[in-house]
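# Working through the structure, step by step
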Amino acid sequence: SFFLDNVNILGDFAGIDVLENTFVQIYPNPSNGQFVIEHNLDSPMARIIGLDGRVVYSSKLEKAKQSISIDVAPGVYNLELKESDRIYNRKIINE
């Protein structure tokens, strides 16, 4: 058994509201390399990264709904959307 006593949480939690209002959707997922990304971020930088750490896609998303195409081996990839100092990650599967 594990017990944790005397836990104190300090700081400003104003950022929690921002995270709750964030919308990021990727479809279809899994896909054959054609994905649509919908979001409500301010022109985020999108990167798709393989499990080996190799960046296979990188582009700024100017539209709130944007189609992207990747020509990569089937597998699991990480979609990273970066907006100023925040990073949002989603798993995508290429079949």
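Let me sum up the structure you'll find in this document. (Residues numbered from 1 in each chain as written. Predicted model: local features only at pLDDT ≥ 70, side-chain atom pairs only at ≥ 80, totals over all residues. Heavy atoms only, no water.)

### Here we look at the pattern of salt bridges
Across all of its chains, the model carries two salt bridges by this definition. For Glu80, the salt bridge is made with Arg47, and the minimal N-O distance between the two is 3.1 Å. Residue Glu80 is located in strand E6 (residues 75-83), and its partner Arg47 is located in strand E3 (residues 45-50); the two are separated by 33 residues in the primary sequence. Classification of Glu80 by relative accessible area gives buried; the value is 14%. Among the salt bridges present, the one from Arg54 reaches Asp52, with a minimum N-O distance of 3.7 Å. (Salt bridge = Lys/Arg side-chain N within 4 Å of Asp/Glu carboxyl O. Helix = DSSP H or I, 4+ residues; strand = E, 2+ residues; numbered from the N terminus. Buried < 20%, exposed > 50% of the residue type's maximum accessible area, 1.4 Å probe, protein only.)

### Section: the sheet that holds E3
Pairing in this open sheet of four strands is antiparallel, and the strands run E4-E3-E6-E7 from one edge to the other. Since the sheet does not close on itself, it has two edges, and those belong to strand E4 (55-60) and strand E7 (86-94), each with one partner. Each neighbouring strand pair of the sheet contributes to a mean axis angle of 20°, computed without reference to strand direction. Where E3 meets E6, six bridges bridge the pair, whose relative direction is antiparallel. (Pairing = 2+ DSSP bridges. Axes fitted to C-alpha atoms, helices over the stretch in contact; angles between N-to-C directions.)

### What to know about the pairing of strand E2 (residues 34-39)
For strand E1 (residues 24-27) and E2, the ladder comprises four bridges, and the chain directions are antiparallel. Among the inter-strand pairings, Ile26 is bridged to a residue of E2, identified as Ile37.

### Thoughts on the environment of Ala46
As for its position among the elements, Ala46 is in strand E3. Classification of Ala46 as buried rests on a relative accessible area of 0%. Residues contacting Ala46, with those up to four places away along its chain left out, are Tyr57, Ser58, Ser59, Leu61, Leu79, Glu80 and Leu81. (Contact = heavy atoms within 4.5 Å.)

### Description of unusual backbone geometry
With an omega of -15°, the peptide bond running from Tyr27 to Pro28 counts as cis. By the element assignment, Pro28 lies in the loop between E1 and E2. For the peptide bond that leads from Asn29 to Pro30, omega is 10°, which places it in the cis range. Phi at Ser84 is positive, roughly 45°, even though this residue is not glycine. Locating Ser84 in the fold gives a position in the loop between E6 and E7. A residue is classified by how much of its surface remains accessible, and Ser84, at 62% relative accessible area, is exposed.

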